[in-house]
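Residue strings, one per chain:
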Amino acid sequence: MSKGQNMRHMLRIPAWLILEIALLLCLFLQPQAGAQQPSIKPEKTQLQVGTAGSGTTSLPLFVAFEGGYFAKHGLTVSISQVGATVAVQGVVSGTLDIYQGGTAAIAANLAGADIIYVAAAVDKNSLILFGQKGGTSSFEALRGKSIATTFPGAFGEIAVRMTARRHGMEVGKDLRLLYHRSPPEALSTFLVGNADAPVITPPQTELAKQHGYPVIVDYYKEGLKIVGPGIAVTREYSQKFPNTLKAYMMGYLDGLKRAIDDEGFAKKIEAKYTKINEGKILEQNYQQGLRVWNRDMTVDAAGIRVVLDESSDARAKSADPNRFFDNSLIQAVNRDHAVKLFPGEVK
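Starting from 1, residues in each chain are numbered consecutively following that chain's sequence as written. Residue-level local features of this predicted model are given only where pLDDT is at least 70; pairs of side-chain atoms are given and counted only at 80 or more, and the full residue set underlies all totals for whole chains, interfaces and linings. Computation of side-chain values: all heavy atoms of the structure, hydrogens and water removed.

**Student:** How do you make sense of the side chain of Asp 174 when you look at a structure like this?
**Tutor:** Only DSSP runs of H or I with at least four residues qualify as helices, and only runs of E with at least two residues qualify as strands; both kinds are numbered from the N terminus onward. With respect to the helices, strands and loops of the structure, Asp 174 is situated in the loop between α7 (155-166) and β7 (176-178). When a residue's accessible area, from a 1.4 Å probe over protein chains only, is under 20% of the maximum for its type it is buried; when over 50% it is exposed; and in between it is partly exposed. Using a relative accessible area of 14% as the deciding quantity, one classes Asp 174 as buried. At 3.3 Å, the side chain of Asp 174 and the side chain of Arg 143 are in polar contact. Between N or O atoms, a polar contact is any pair within 3.5 Å; within protein, one atom must be a potential hydrogen donor and the other a potential acceptor, and residues adjacent in sequence are included only when both atoms are from side chains. Reaching out from Asp 174, the side chain makes a polar contact with the backbone nitrogen of Glu 170 at a distance of 2.7 Å. Two residues qualify as a contact provided that any one of their heavy atoms is within 4.5 Å of a heavy atom in the partner residue. Filtering out sequence-adjacent residues up to four positions away, Asp 174 remains in contact with Leu 142, Arg 143, Gly 144, Lys 145, Gly 168 and Met 169.

Here it is as structure tokens:
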């Protein structure tokens, strides 16, 4: 037998062995059970997200982060809690990709920055205005007094301006607003006696209730609708990175689903970020979250109109609410993803 014939003889492999090798390769190369490949390919995978708070309305964001749901969709997300003004500046400059917050995006747009909402994680407001025990217990009684709130132009100011107008009063003339960087700071000012009332959000609302302070206005019960936290980006960003934003929204919605289905995990995450460990407060905050978290995160123009109507910016009254948002991405995410998570609640 020649050398070439001998080599061909040695290279003959039984058919059964070839088939077994092929089956083994298929087994080892296929995705492992439970592992999921991103359904879309993000144009950008590293995201810097700014959030204005760590309270109940932001809880699904932190659940999504801690639960690994952004990573599931191919994203590496970093979250920073920053002031609203700083966050907006970060989005404009590009140091932040996304601002998950409130009305600062509208104020920035009015000032000339092309920032828009691409989704509304929450638009049912959970603000409560409290009064003094044995003293200030009605809005009319606040005439000539001060109210502690957060940033200028934020939810608290919008809500107080609206209520003042209904009572024939004017902010700056009939009552004063004291601005703070966060709801905890606003509540602290009130508790030490340097404000006559606070307008705050959970979890600070539950702390005020525990102290026995009377509720003057519960804005959730009044049906106040303001976008926030919403997902805000520059219009250019939404056009340049549409799949990135879709992946982010899908990860957020997965976190929302987990927050709704796994109460224990959600409370654990809230305790971590708010530093509140009292079971009763966490339970009340969680129930409030269930009431306000949007399954369908489509932006409602009515939630923009309220802010424009009560804004101190002269340009707001004539502004078209539709210029402040674009629902095209969240509508696509609803069709492909949210309907599977929340059948019957999202169309």
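There is more to say, and it comes next.
**Student:** Any chance you could explain the packing of aromatic side chains here in plain terms?
**Tutor:** In this description, an aromatic ring pair is defined by two values, namely the gap between the centres and the angle between the planes. Between 30 and 60 degrees the pair is tilted, below 30 it is stacked and above 60 it is edge-to-face, where a pair is any two Phe, Tyr or Trp rings, Trp via its six-membered ring, whose centres lie within 6.5 Å. Under the definition given, this model contains five aromatic pairs. Measuring from centroid to centroid gives 4.9 Å for Phe 70 and Tyr 248, while their planes differ by 5 degrees, and the two rings are stacked. Here Phe 70 is found in helix α4 (residues 69-72), whereas its partner Tyr 248 is found in helix α11 (residues 242-261), with 178 residues between them in sequence. Ring centres 4.8 Å apart and planes at 65 degrees place the aromatic pair Phe 190 and Tyr 213 in the edge-to-face group. With Phe 190 in helix α8 (residues 183-191) and Tyr 213 in the loop between α9 (204-210) and β9 (215-218), this residue pair connects regions lying 23 residues apart in the sequence. The criterion for a charge sitting over a ring is simple: Lys NZ or Arg CZ within 6 Å of the ring centre, and within 35 degrees of the ring normal. Sitting above the plane of the Tyr 213 ring, Lys 133 keeps its charged end 4.8 Å from the centroid. Lying over the aromatic face of Phe 265, Arg 258 brings its terminal NZ or CZ to 3.8 Å of the ring centre.

**Student:** Quick question: what am I supposed to make of the packing of helix α12 (residues 263-274) against helix α13 (residues 279-292) here?
**Tutor:** For any two helices packed against each other, one specifies the inter-axial angle together with the distance between the axes. Angular values range over 0 to 180 degrees, each being the angle between N-to-C directions of two axes fitted as lines to C-alpha atoms, with helices fitted over their stretch in contact. Remark: α12 packs on α13, axes separated minimally by 10 Å, with the N-to-C direction vectors making an angle of 110 degrees. In terms of axis orientation, α12 runs roughly perpendicular to α13. Considering the relative orientation of α12 and α13, their crossing is right-handed. Contacts from Glu 263, Ala 266, Lys 267, Glu 270 and Ala 271 of α12 reach α13 at Leu 282, Glu 283, Asn 285 and Tyr 286. Note on residue categories: nonpolar means Ala, Val, Leu, Ile, Met, Phe, Trp, Tyr, Cys or Pro, charged means Asp, Glu, Lys or Arg, and polar means any other residue, Gly included. The residue makeup of the contact of α12 with α13, split by class, is four nonpolar, one polar and four charged. Any angle from 65 to 115 degrees is called roughly perpendicular, while one under 35 is roughly parallel, one over 145 is roughly antiparallel, and all others are oblique. Here is the rule for handedness: rotate from the far helix to the near one, and if that takes an anticlockwise turn smaller than a right angle the crossing is left-handed, while a clockwise turn gives right-handed.

**Student:** Would you mind showing me how to read the side chain of His 337 here?
**Tutor:** Looking at the secondary structure, you find His 337 in helix α15 (residues 328-341). Reaching out from His 337, the side chain makes a polar contact with the side chain of Asp 254 at a distance of 2.8 Å. Sequence-distant contacts of His 337, that is, excluding residues within four places in its chain, are made with His 73, Met 250, Leu 253 and Asp 254.

**Student:** Explain the pattern of salt bridges here, please?
**Tutor:** When the charged atoms of two side chains with opposite charge come close together, those side chains can pair. Each reported salt bridge corresponds to a side-chain nitrogen of Lys or Arg within 4 Å of a carboxyl oxygen of Asp or Glu. Inspection of the entire model under this criterion finds 21 salt bridges. Arg 166 is the salt-bridge partner of Glu 222, the closest N and O atoms lying 3.4 Å from each other. Placement of the pair is Glu 222 in the loop between β9 and β10 (230-234) and Arg 166 in helix α7, with a sequence separation of 56 residues. You can call Glu 222 partly exposed: its relative accessible area is 47%.

**Student:** I tried to follow the environment of Ala 319 on my own but got confused; where do I start?
**Tutor:** Relative to the elements of secondary structure, Ala 319 occurs in the loop between α14 (301-310) and α15. Exposure remark for Ala 319: the relative accessible area of 6% places this residue in the buried category. Each C-alpha atom of the pair Ala 319 and Asp 309 lies 9.5 Å from the other, and the pair is ten residues apart in sequence. When residues no more than four places from it in sequence are discounted, the contact partners of Ala 319 are Leu 110, Arg 305, Leu 308 and Phe 324.

**Student:** Sorry, what's going on with the nonpolar core here?
**Tutor:** In summary, soluble globular proteins display a tendency toward joint burial of nonpolar side chains. As used in this record, nonpolar core signifies buried Ala, Val, Leu, Ile, Met, Phe, Trp, Tyr and Cys residues forming a set joined through side-chain atoms within 4.5 Å. Within the largest apolar cluster, 49 residues are counted, with the highest numbers of intra-cluster contacts made by Tyr 117, Leu 129, Phe 139, Ile 147, Tyr 219 and Ile 304. Listing elements by their share of this core, those giving two or more residues are α5 (84-93), α6 (104-110), β4 (115-120), α7, β8 (197-200), β9 and α14. At six residues, the largest contribution of residues to this core is made by α7. Every residue in contact with Ile 304, bar those within four places of it in the chain, is listed here: Ile 106, Tyr 117, Val 227, Val 299, Pro 321, Phe 324 and Phe 325. Of all hydrophobic cores here, the second largest spans 44 residues; its members include Leu 61, Ile 231, Met 250 and Leu 253.

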